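Read off the chains here:
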Amino acid sequence: MTFAPAFAAMLRTSDGVRIDAAHTPNDSLDLGIVIAHGFTGSWRAPCTRRITHVLSRFGGVLSFDFRGHGRSTGESTVGDLEVLDLDAAVKHARSIGYRRVVTVGFSMGAAVAVRHAALHRGVDGIVAVSAPAWWYYRGTKPMRQVHWAIERPEGRLAARWVKGTRIASGRWDPVPLPPFEAAALITPTPLLIVHGDADPFFPLDHPHELYGNARDPKEMWIIPGYGHAEAAATPDLVRKIGSWIVRTKPV
């Protein structure tokens, strides 16, 4: 596949972290879509580039690497300070001239997108794909492996060498606002929750908890056979998300 051209950008967060980003323009400045990848992901990963390529047919796309990932500086806080990274990307999309800006987050990026909308506002819609509803979930084998990578020195070393992800040591203090509580605070911004019934990381009680706490306007899609986050997202699903973004606007 030949991807749409992307133009590199280096952003800076309010706490001084440099964020590696790319802008894939569209013919119109009506809609800007900001993609927030999952834990250990990157805007440069083929699956994220495919998603960017499809969404660029609906609007301009700004993709970026969270702190501690790829060429961005800093260390990953796994969903806490990453709201500052997303905020820098949203503000950059506004500076380009996009009149409407919608965030599309995957897994950790979905949790960040919901929290960003609650804490920083400034967006016209949120799509949360494969999002966790609460922190410290260890109910599946993949999430127990994630916690090992986050909490153990040898796990953080493995994440750095295998995935190129630098993870901050130590515990959250204070514990950040969990996604299910943040979901109640984003109204009247439209929220779309997308989750697969075959997600190996987060079972269906997560999207239902998010949806149950969110207020209108909200929508939830449970996708049969869909796994987890960017790697499982088919072009058809991404096109369906793009169509929702185009037709859905704040009340």
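1. Digging into the overall build of the chain
Broken down by element type, the chain carries nine helices and eight strands. For 251 residues, the compact-globule estimate of 2.2 N^0.38 gives 18 Å, and the chain sits close to it at 16 Å. Evaluated residue by residue, the chain yields a buried proportion of 56% over its 251 residues. A total of about 10600 Å² of accessible surface is found on the chain, and carbon and sulfur atoms cover 55% of it. Between the centroid of the 29 positive side chains of the chain and the centroid of its 23 negative side chains there is a distance of 4 Å.

2. Some points on the packing of aromatic side chains
Enumeration according to the criterion identifies six aromatic pairs in this entry. A ring pair is formed by Trp135 and Trp172, whose centres lie 4.9 Å apart and whose planes are at 65°; its orientation type is edge-to-face. Taken together, the residues Trp135 in the loop between β6 (125–129) and α4 (141–151) and Trp172 in the loop between α5 (153–163) and α6 (179–182) connect sequence positions 37 residues apart. The buried category is assigned to Trp135, whose relative accessible area is 13%. Given the relative accessible area of 21%, Trp172 is considered partly exposed. Taken together, the ring pairs in this structure connect Trp134, Tyr137, Phe201 and Phe202 into an aromatic cluster. Taking the ring centre of Tyr211 as reference, the NZ or CZ of Lys218 above it sits at 4.2 Å. The positively charged end of Lys240 is found above the aromatic ring belonging to Trp221, 4.4 Å away from the centroid.

3. Examining the side chain of Arg67
With respect to the helices, strands and loops of the structure, Arg67 is situated in the loop between β4 (60–64) and α2 (82–96). Within the local environment of Arg67, its side chain forms a polar contact with the side chain of Asp15, the two groups lying 2.9 Å apart.

4. A few points about the packing of helix α1 (residues 46–55) against helix α9 (residues 235–247)
Between two packed helices, what matters for the description is the angle formed by their axes and the separation of those axes. At a minimum axis distance of 9 Å, the contact between α1 and α9 shows a crossing angle of 45°. Here α9 runs oblique to α1, going by the angle between their axes. Read as a crossing pair, α1 and α9 show a hand that is right-handed. Mapping the contact onto sequence places Ile51, Val54 and Leu55 in α1 and Pro235, Val238, Arg239 and Gly242 in α9. Residues that form the contact of α1 with α9 fall into these classes: five nonpolar, one polar and one charged.

Criteria and thresholds
- Residues numbered from 1 in each chain as written.
- Predicted model: local features only at pLDDT ≥ 70, side-chain atom pairs only at ≥ 80, totals over all residues.
- Heavy atoms only, no water.
- Helix = DSSP H or I, 4+ residues; strand = E, 2+ residues; numbered from the N terminus.
- Rg over C-alpha atoms; globule rule 2.2 N^0.38 Å.
- Buried < 20%, exposed > 50% of the residue type's maximum accessible area, 1.4 Å probe, protein only.
- Areas by Shrake-Rupley, 256 points an atom, 1.4 Å probe, with all protein chains shown as cover.
- Lys, Arg positive; Asp, Glu negative; His and termini not counted.
- Charge placed at Lys NZ, Arg CZ, Asp CG, Glu CD.
- Phe/Tyr/Trp six-rings, centres within 6.5 Å; stacked < 30°, edge-to-face > 60°.
- Lys NZ or Arg CZ within 6 Å of the ring centre and 35° of its normal.
- Polar contact = N/O pair within 3.5 Å; in protein donor to acceptor, adjacent residues only side chain to side chain.
- Axes fitted to C-alpha atoms, helices over the stretch in contact; angles between N-to-C directions.
- Parallel < 35°, antiparallel > 145°, perpendicular 65-115°, else oblique.
- Left-handed = near helix turned anticlockwise from the far one by under 90°.
- Contact = heavy atoms within 4.5 Å.
- Nonpolar A, V, L, I, M, F, W, Y, C, P; charged D, E, K, R; others polar.

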